[in-house]
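Remarks on the overall topology
Residues per chain are reported as follows:
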Amino acid sequence: MRASDGQNHPPGGHALPVSPLHRLRAADSSTRAGAYQSSEMSVDTGWHHHDLHQLIYAFEGRLEVESPAARYLLAPQLMAWIPAGLSHRTHIHWVRSGSVFFMPDMVEDDGGRIRILRATSFMREMLQTAMRWPIYAPELPMGRSYFETLAYLCREWLQAETSLHLPTTRDPKLAAAMAYTQSCLADSSFAEACRKRSGPRFAIASRNRRHLRFA
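Now for a quick tour of the structure. Here the structure is a predicted model, which means the values were calculated and not measured.

A word on the nonpolar core
In this structure, Phe102, Phe147, Leu150 and Trp157 are the most contacted members of the largest nonpolar core, which totals 27 residues. Those elements giving two or more residues to this core turn out to be strand 1 (33–37), strand 3 (53–58), strand 6 (78–82), strand 8 (97–102), helix 1 (121–130) and helix 2 (141–157). Broken down by element, the residue count for this core peaks at seven residues, all from helix 2. Judged by nonpolar contacts, the second largest core, of 15 residues, contains Ile56, Val65, Leu74 and Ile114.

Here we look at helix 2
With 17 residues, helix 2 should cover 24 Å at 1.5 Å per step; its first-to-last C-alpha distance of 24 Å lies within 8% of that length. On the buried face of helix 2, the contacting elements are strand 1, strand 3, strand 6, strand 8, strand 9 (115–118) and helix 1.

Structural notes on helix 1
Regarding helix 1, the residues found buried are Met123, Met126, Leu127 and Ala130. The buried side chains of helix 1 occupy one side of the element, clustering within an arc of 95° when seen end-on. Residues of helix 1 that are buried in the fold lie against strand 1, strand 3, strand 6, strand 8, strand 9 and helix 2.

Quick notes on the pairing of strand 5 (residues 71–74)
Pairing of strand 4 (residues 63–66) with strand 5, which is carried by four bridges, proceeds in the antiparallel orientation. The partner of glutamate 64 across the bridge, within strand 5, is leucine 73. Between strand 4 and strand 5, which pair antiparallel and follow one another directly, the connecting turn spans four residues.

Some details on the sheet that holds strand 4
Spatially, the four strands line up as an open sheet ordered 2-7-4-5, and their pairing is antiparallel. Of all strands in the sheet, those bounded by a partner on one side alone are strand 2 (42–44) and strand 5. Averaged over all pairs of adjacent strands, the angle between strand axes in this sheet comes to 15°, irrespective of strand direction. Across three bridges, strand 2 lies against strand 7 (residues 89–93) in antiparallel orientation. Within the sheet, the bridge partner assigned to valine 43 lies in strand 7 and is isoleucine 92.

Describing the environment of glycine 85
The residue glycine 85 is located in the loop between strand 6 and strand 7 in this model. Distance in space between the C-alpha atoms of glycine 85 and proline 20 is 10.0 Å, their sequence separation being 65 residues.

Thoughts on the packing of helix 1 against helix 2
Between two packed helices, both the angle of their axes relative to each other and the distance between the axes serve to describe the pair. Across the interface, helix 1 lies against helix 2 with an axial gap of 11 Å and an inter-helix angle of 150°. Compared by their axis directions, helix 1 and helix 2 come out roughly antiparallel. By crossing handedness, the relation of helix 1 to helix 2 is classed as left-handed. Packed against helix 1, whose contacting residues are Phe122, Met123, Glu125, Met126, Leu127, Thr129 and Ala130, the element helix 2 presents Tyr146, Phe147, Leu150, Leu153 and Trp157 at the interface. Residues belonging to the contact of helix 1 with helix 2 are distributed by class as follows: ten nonpolar, one polar and one charged.

A look at the side chain of serine 38
Looking at the secondary structure, you find serine 38 in the loop between strand 1 and strand 2. Apart from the residues within four sequence positions on either side, serine 38 is in contact with Ile92, Val95, Ser97 and Gly98.

Rules of the game
Residues numbered from 1 in each chain as written. Predicted model: local features only at pLDDT ≥ 70, side-chain atom pairs only at ≥ 80, totals over all residues. Heavy atoms only, no water. Core = buried A, V, L, I, M, F, W, Y, C linked by side-chain atoms within 4.5 Å. Buried < 20%, exposed > 50% of the residue type's maximum accessible area, 1.4 Å probe, protein only. Helix = DSSP H or I, 4+ residues; strand = E, 2+ residues; numbered from the N terminus. Expected span 1.5 Å × (residues − 1). Contact = heavy atoms within 4.5 Å. Arc of directions from axis to C-beta. Pairing = 2+ DSSP bridges. Axes fitted to C-alpha atoms, helices over the stretch in contact; angles between N-to-C directions. Parallel < 35°, antiparallel > 145°, perpendicular 65-115°, else oblique. Left-handed = near helix turned anticlockwise from the far one by under 90°. Nonpolar A, V, L, I, M, F, W, Y, C, P; charged D, E, K, R; others polar.

Written out as C-alpha cells, the structure is:
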C-alpha cells in the first residue's frame, strides 16, 4: 500500500523517493490495534508509510514528524494522527514516547494528511494505558476491547484538530538552514541575544507566545 494522497510531490517540484511499507506486525497477524513504545530510540526513520493509522505522542520532551507538506514539532501538549498510507518520517531522540496503531476500518479517515490534536490529560492517560498491549504481541480480549473504545474516542478527537505546523523543503541548503535555526531556538543564549536586539517588541511577543502558538 503506497501513499496516494497527492502529497508525494511537495511544493518546489522535488519528488520524494518511493515510500516503503513499514510493518509493525506480521502480515498474517489478526491483531487489529496495539501500541508501540519508542522511548529507547534515537532515530530518523526515513520516509515510509504504514498500513495502519498511527497516533503518536511524546509523554516527555519533544519529537518531530514530517510529511511531504509540512513539519510538526510535538511537545507534551500535542499529539499527531498519521493516516494509513501517508508518507512521513519521524525524528525521535531518547524521548519518552509511544504510538497507537489501528486498522483503517476502525477509524474512518480519508483526509490524507497529518492532523495535530491538543492533548488533554484524559487523552494522555488513555495512551499511557494503551502501552500495556504491544502491536507485535498476540491480541488479548481486554486489549481488543480497550482499543475499540480508543478508536471511538479518536473519531471524536479528530473533529477538534488544530492547525499547527512548520514549513518543509526538499532543497538540501534550505533544509540545513532550517535545521540550524531550529537548533539555535533551543539555545538560551541565542534567545537572550534576540531579546536584547529586539527590545520591548520581543517582550511583547514573549507574553503573547502562547496565543500565537495555538492561533
